[in-house]
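Descriptive analysis of the structure
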Amino acid sequence: MEDRVRAQGDKPGAMGRPPFPPRGPPRKLDAVPEKPMRGSSAVGADDYLSLPDGDFSPTEWTAAFDEKTAVEVDGIAGSFRCYFSGNSDRKIALIFLHGGGQSALSWGVCCRLLKEQLKDSDVQLVAYDARGHGETTAIPEDDLSAERMVEDAVRLIHTLFSNRPESQQIILVGHSMGAAVATRVAIRTDLGIELQGLVNIDVVEGTAMEALPHMSAFLHQRPASFRTQNEAIKYMVTSGQLRKLESAKLSVPPQLRFEVEREVYGWRTDLEATGKHWKGWFKGMSELFLSVPVMKLLVLAGVDRLDKALMIAHMQGKFQNHVVPTAGHAVHEDEPEARIAAAYIIPAEKPPLAMTDPPLGVRKFRYCPRNRVFIISKPPAVVGSAFLAFTFYEGPIGGRLR
């Protein structure tokens, strides 16, 4: 059963970034930008200490979500840290699954923008820390196999939604490792709730498998510890692993764990120790993704990410693809304004222009009766081309829009 009791003080009042290392040659920055970096940037493991100081203080989770709760799941020792925005009786729930080494707060800025945009919509936002990550205490912590994490997700969904209305639906949104888990969850037939859509962010089987041999070297380049959380945030931004300081201040602290004896902050998750599971996360993922019988979206940081199988499938209209060229691997953190998590969900049973707060910048709609969905024909220029013009339908039809 779900433990809905707030933890004390909870009331408001990666593979550093696997499987793709930061792109571009190393260089030292003269200053830390407040806006997303254009292009690539990276510094050495120690160079960041000599960079100018700025405001690298952590941001509290309350800046992104309404509630956080430790949820206990039948058959699993420990609990899962879950974050919520919106009431549990909403018709649609977006469930966010983070990447390896990260936490639910990697979705923080993105979810804050979504919450503002969807404040009058029938949508709830849910994000959770995976086993061995963030504040989740489920044991054993070192078993990050695809099978174990998929079972965790399915049981957590059962716990969260078992007592909710039968008409409720979910949309899975996963990044990197989380996308691999979300894809495998999406093909399960025992979710106990209707799945309406799947969004995968910057993960493709072919390119992921090619990058895995280089991941150990990438992890060895990271500092093993930091004197303060501020120092870790500074490193993540100046190394190019994250390009938006606002997101780093929220998402980096949960990736750390204070080591009392050494009085330093080390990494919460030992990603190198999970190396035996890496292939299992991504092997066969393209075929599984294409087999999911709902609307599918793949968001990538570059056109070079697509492998042959997905490139052919995309040309055949089997899924939608959106490229955000201004972002790194952590697309949802680098360009959260793109609202990559299906921000513009428009219920088909009521006219979109009758909404109390219509989507910013949206002017034209086209109604597709076959798929019962409104298509945005003129998307707003939120971050140049980095806007996701994508809507989820409310009918049983999946695949290509006609």
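What you are looking at is a predicted structure, and each value in this text was computed from that prediction instead of being measured.

**As for unusual backbone geometry**
Of note, the amide linkage connecting Ile 139 to Pro 140 takes the cis form, showing an omega dihedral of 0°. With a phi close to 55°, Glu 263 is a non-glycine residue in the positive phi region. Looking at the secondary structure, you find Glu 263 in the loop between β8 (256-259) and β9 (264-267).

**Regarding the packing of aromatic side chains**
A complete count under the given rule lists 9 aromatic pairs for this structure. Measuring from ring centre to ring centre gives 6.4 Å for Phe 80 and Tyr 128, while their planes differ by 80°; the resulting arrangement is edge-to-face. One end of the pair, Phe 80, is in strand β2 (residues 80-85); the other, Tyr 128, is in strand β4 (residues 123-128), and 48 residues separate them in sequence. A relative accessible area of 1% means that Phe 80 is categorised as buried. Clustering of aromatic rings is evident, with ring pairs tying together Trp 61, Phe 65 and Tyr 83. When the ring centre of Trp 267 is taken as origin, the NZ or CZ atom of Arg 222, which lies over that ring, is 4.0 Å away.

**Details of the sheet that holds β2**
Within the open sheet, the 8 strands sit side by side as β1-β2-β4-β3-β5-β6-β10-β11. Their pairing is mixed. The open sheet has two edge strands with one neighbour each: β1 (67-71) and β11 (320-323). Averaged over neighbouring strand pairs, the angle between their axes works out to 20° when direction is ignored. Summarising the sheet, β2 and β4 pair through 4 bridges and their orientation is antiparallel. Counted as the bridge partner of Ser 85 is Leu 125 from β4.

**Thoughts on the pattern of salt bridges**
Oppositely charged side chains are able to pair whenever their charged atoms sit close together. Counted according to the given criterion, the structure contains 15 salt bridges. For Lys 68, the salt bridge goes to Glu 135, with nearest N and O atoms at 3.3 Å. Of this pair, Lys 68 sits in strand β1 while Glu 135 sits in the loop between β4 and α2 (146-161), and the two are 67 residues apart along the sequence. A salt bridge links Arg 227 to Glu 231, with the shortest nitrogen-to-oxygen separation between them at 2.6 Å. With a relative accessible area of 10%, Glu 231 lands in the buried category. The network of salt bridges with shared partners includes Glu 151, Arg 155, Arg 188 and Asp 190.

**Digging into the environment of Glu 147**
Here Glu 147 shows up in helix α2. Here Glu 147 falls in the exposed class, since its relative accessible area comes to 61%. Note: C-alpha distance between Glu 147 and Trp 281 (134 residues apart in sequence) is 8.8 Å.

Reading the values: the criteria
- Numbering of residues begins from 1 in every chain and follows the order in which that chain's sequence is written.
- pLDDT decides what is reported in this predicted model: residues at 70 or higher carry local features, side-chain atom pairs at 80 or more are listed and counted, and totals for whole chains, interfaces and linings draw on all residues regardless.
- For the side-chain quantities, the full set of heavy atoms in the structure was used; hydrogens and water were omitted.
- A run of H or I in DSSP counts as a helix once it spans at least four residues, and a run of E counts as a strand once it spans at least two, with each numbered from the N terminus.
- Stacked, tilted and edge-to-face are the three classes assigned to paired rings of Phe, Tyr and Trp, where Trp is represented by its six-membered ring and a pair needs centres within 6.5 Å; plane angles under 30 degrees give stacked, over 60 edge-to-face, the rest tilted.
- For each residue, the accessible area found with a 1.4 Å probe, counting protein chains only, is set against the maximum for its type, and the residue is called buried under 20%, exposed over 50%, and partly exposed in between.
- Put simply, a charge is over a ring when the Lys NZ or the Arg CZ is close to the ring centre, within 6 Å, and near the line of the ring normal, within 35 degrees.
- Note on pairing: two strands pair once DSSP finds at least 2 bridges between them.
- Each axis is a line fitted through C-alpha atoms, and for a helix only the stretch in contact is used; angles between axes span 0 to 180 degrees, taken between their N-to-C directions.
- Basic side-chain nitrogens of Lys or Arg form a salt bridge, by our definition, when they fall within 4 Å of a carboxyl oxygen of Asp or Glu.

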